[in-house]
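Examination of the molecular architecture
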Amino acid sequence: AQRVTQPEKLLSVFKGAPVELKCNYSYSGSPELFWYVQYSRQRLQLLLRHISRESIKGFTADLNKGETSFHLKKPFAQEEDSAMYYCALGYNQGGKLIFGQGTELSVKP
Amino acid sequence: EPEVTQTPSHQVTQMGQEVILRCVPISNHLYFYWYRQILGQKVEFLVSFYNNEISEKSEIFDDQFSVERPDGSNFTLKIRSTKLEDSAMYFCASRGSGANVLTFGAGSRLTVL
């Protein structure tokens with residue numbers, strides 16, 4: 001069955017420190033992976049998708065099919081990065097997403 | 001930037017009552033979705049809708065739930081007889097025919113007493 005695992009419920013770092021939010025998935029086919037972000041009291045927003053291979057707000061994520069991972073990284077965290085981050089797996093063209101449990105990132109000054 | 005709009009932002013209802021949550025998807029989008037998030041839990045898929053019919057639904061989406069696109073712009077989720085466990089944040093999402101990218105609304109918080 002398709003599954004997305006985000007092992008950390010909370011990740012707390014200091015401003016300027018590197019950040020890595022972990023995401024592992026389970027899917028035998030060709031996955032499409034996304035990172036969504038939810039700032040306080042705001043809507044879920046797309047941050048990254050693996051197909052785009054782009055960097056948004058300094059964040060990058062590389063799909064590692066061997067390790068079935070799609071970890072989100074940023075070399076220098078900023079306070080405004082504090083939010084909930086959700087990794088999601090899309091496994092058909094119908095747009096259905098399977099979400100991980102989410103990781104709350106807290107960046108302290 | 002176009003947005004998905006949801007109303008109400010918060011609804012409190014008594015157990016057993018019917019609730020309708022409304023969504024206005026992005027105007028040129030063709031695929032519509034409802035997700036829900038129970039407090040402290042993950043975001044869960046409920047249903048997808050395309051070409052005026054349900055294309056996929058989860059096991060959560062039982063006979064108490066229904067969706068409709070009554071007028072070509074609104075997309076509604078109806079819960080016929082609410083239960084305590086229906087208390088959650090309900091997110092509407094839509095996407096166009098190209099990229100497999102969903103745009104989410106801000107959510108409707110449903111509290112069942």
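Right, let's walk through the structure included here.

Conventions we followed
- Residues numbered from 1 in each chain as written.
- Chains lettered and ligands numbered in written order.
- Predicted model: local features only at pLDDT ≥ 70, side-chain atom pairs only at ≥ 80, totals over all residues.
- Heavy atoms only, no water.
- Buried < 20%, exposed > 50% of the residue type's maximum accessible area, 1.4 Å probe, protein only.
- Helix = DSSP H or I, 4+ residues; strand = E, 2+ residues; numbered from the N terminus.
- Pairing = 2+ DSSP bridges.

1. Considering the pairing of strand 4 (residues 31-37) of chain B
Consecutive side chains along a regular strand alternate between the two faces of the sheet. Residues and elements named next belong to chain B. Buried residues dominate strand 4, accounting for seven of its seven residues. A two-sided burial pattern is seen for strand 4, the buried positions comprising Y31, Y33, Y35 and Q37 on one face and F32, W34 and R36 on the other. Sheet topology note: the strand 4/strand 5 (residues 43-50) ladder contains seven bridges and is antiparallel. For Y35, the partnering residue across the bridge sits in strand 5 and is F45. Examined bridge by bridge, strand 4 and strand 9 (residues 88-95) share seven bridges and lie antiparallel to one another. When the sheet's bridge partners are listed, F32 is paired in strand 9 with S94.

2. With respect to the sheet that holds strand 3 (residues 19-21) of chain A
Residue and element names in this part refer to chain A. Ordered in space as 3-8-7, the three strands form an open sheet in which the pairing is antiparallel. Since the sheet does not close on itself, it has two edges, and those belong to strand 3 and strand 7 (60-61), each with one partner. Pairing geometry for strand 3 and strand 8 (residues 72-74), over three bridges, is antiparallel. The partner of L21 across the bridge, within strand 8, is L72.

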